[in-house]
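Geometric and topological summary
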Amino acid sequence: MKEDTLLTTADRVELLVNGLNSGIDHRPVVKLFTPDGAATWLLTECDPDEPDRLFGLCDLGLGCPELGYVSLTELTELRGKLGLPVERDRHFSADRPLSAYAAEARAAGRITT
């Protein structure tokens, strides 16, 4: 994986396959975060018709994480308080479906993984 790439080819394939099987409570494929901020995304799928449109649990650090869509292009261009780009958590491995992460995040007011 190139340093400036948020998603590996394997990630993209899994996100697409999950997108083709939308409606299932998938495990997150990838965790993205701002290293100099409080934003975190747990992404499960991409829209097969718009591969730039990703779905998952989105937490912008405002105390109200929610399920929704985010643009990969926007994530790639986003910079935190110190100008650092969004990063992929290379050590993240989902151990439960997205709904479990969402319930935990709503209770805590943030993604806690």
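Because the structure is predicted, anything quoted here is derived from the model rather than measured. (Residues numbered from 1 in each chain as written. Predicted model: local features only at pLDDT ≥ 70, side-chain atom pairs only at ≥ 80, totals over all residues. Heavy atoms only, no water.)

1. With respect to the sheet that holds strand S5 (residues 87–88)
Within a sheet, adjacent strands bond to each other through the backbone by hydrogen bonds, running parallel or antiparallel. Ordered by their spatial adjacency, five strands build an open sheet running S4-S3-S2-S1-S5, and the pairing between neighbours is antiparallel. What marks the edges here is a single partner per strand, and that holds for strand S4 (66–71) and S5. The pairing of strand S2 (residues 40–47) with strand S3 (residues 50–59) spans seven bridges and is classified as antiparallel. Along S3, the bridge assignment pairs Glu45 with Phe55. The strands touched by helix H1 (residues 9–20) within the sheet are strand S1 (30–33), S2, S3 and S5, with S2 carrying the most contacts at an inclination of about 65°. (Pairing = 2+ DSSP bridges. Helix = DSSP H or I, 4+ residues; strand = E, 2+ residues; numbered from the N terminus. Contact = heavy atoms within 4.5 Å. Axes fitted to C-alpha atoms, helices over the stretch in contact; angles between N-to-C directions.)

2. Notes on the pairing of S1
Sheet analysis places S1 next to S2, joined by four bridges and oriented antiparallel. By the bridge assignment, Phe33 is partnered in S2 with Thr40. Where S1 hands over to S2, the hairpin turn is made up of six residues, counted between the paired strands. Note that S1 and S5 share two bridges and pair antiparallel. Directly across from Phe33, in S5, lies its bridge partner Glu87.

3. Digging into H1
For an α-helix the count is 3.6 residues per turn, leaving residues at separations of three or four pointing the same way. Along its 12 residues, H1 runs 17 Å from first to last C-alpha, staying within 8% of the 16 Å computed at 1.5 Å per residue. Turning to H1, its buried residues number three or more, namely Asp11, Leu15, Asn18 and Gly19. Down the axis of H1, the smallest arc covering the buried residues is 100°, so these residues share one side. In H1, those exposed residues whose orientation departs by more than 90 degrees from the buried face are Thr9, Ala10 and Leu20. Buried residues in H1 make contact with S1, S2, S3 and S5. (Expected span 1.5 Å × (residues − 1). Buried < 20%, exposed > 50% of the residue type's maximum accessible area, 1.4 Å probe, protein only. Arc of directions from axis to C-beta.)

4. Focus on the packing of aromatic side chains
Under the criterion given, the structure shown has two aromatic pairs. One Lys or Arg, Arg53, reaches over the ring of Tyr69 and ends 3.7 Å from the middle of that ring. The ring of Tyr101 carries Arg96 above its face, with NZ or CZ at 4.0 Å from the centroid. (Phe/Tyr/Trp six-rings, centres within 6.5 Å; stacked < 30°, edge-to-face > 60°. Lys NZ or Arg CZ within 6 Å of the ring centre and 35° of its normal.)

5. Points about the pattern of salt bridges
All told, the structure shown has five salt bridges when counted by the stated rule. With a shortest N-O distance of 2.9 Å, Arg88 and Asp11 are connected by a salt bridge. Of this pair, Arg88 sits in strand S5 while Asp11 sits in helix H1; the two residues are 77 residues apart in sequence, bridging distant segments of the chain. The pair formed by Arg88 and Asp11 is uniform in burial state, with each residue classed as buried. The shortest N-O distance in the salt bridge between Glu104 and Arg96 comes to 3.2 Å. Given the relative accessible area of 33%, Glu104 is considered partly exposed. In this structure Arg96 comes out as partly exposed when scored by relative accessible area, which is 23%. One salt-bridge network, in which partners are shared between bridges, spans Asp95, Arg96 and Glu104. (Salt bridge = Lys/Arg side-chain N within 4 Å of Asp/Glu carboxyl O.)

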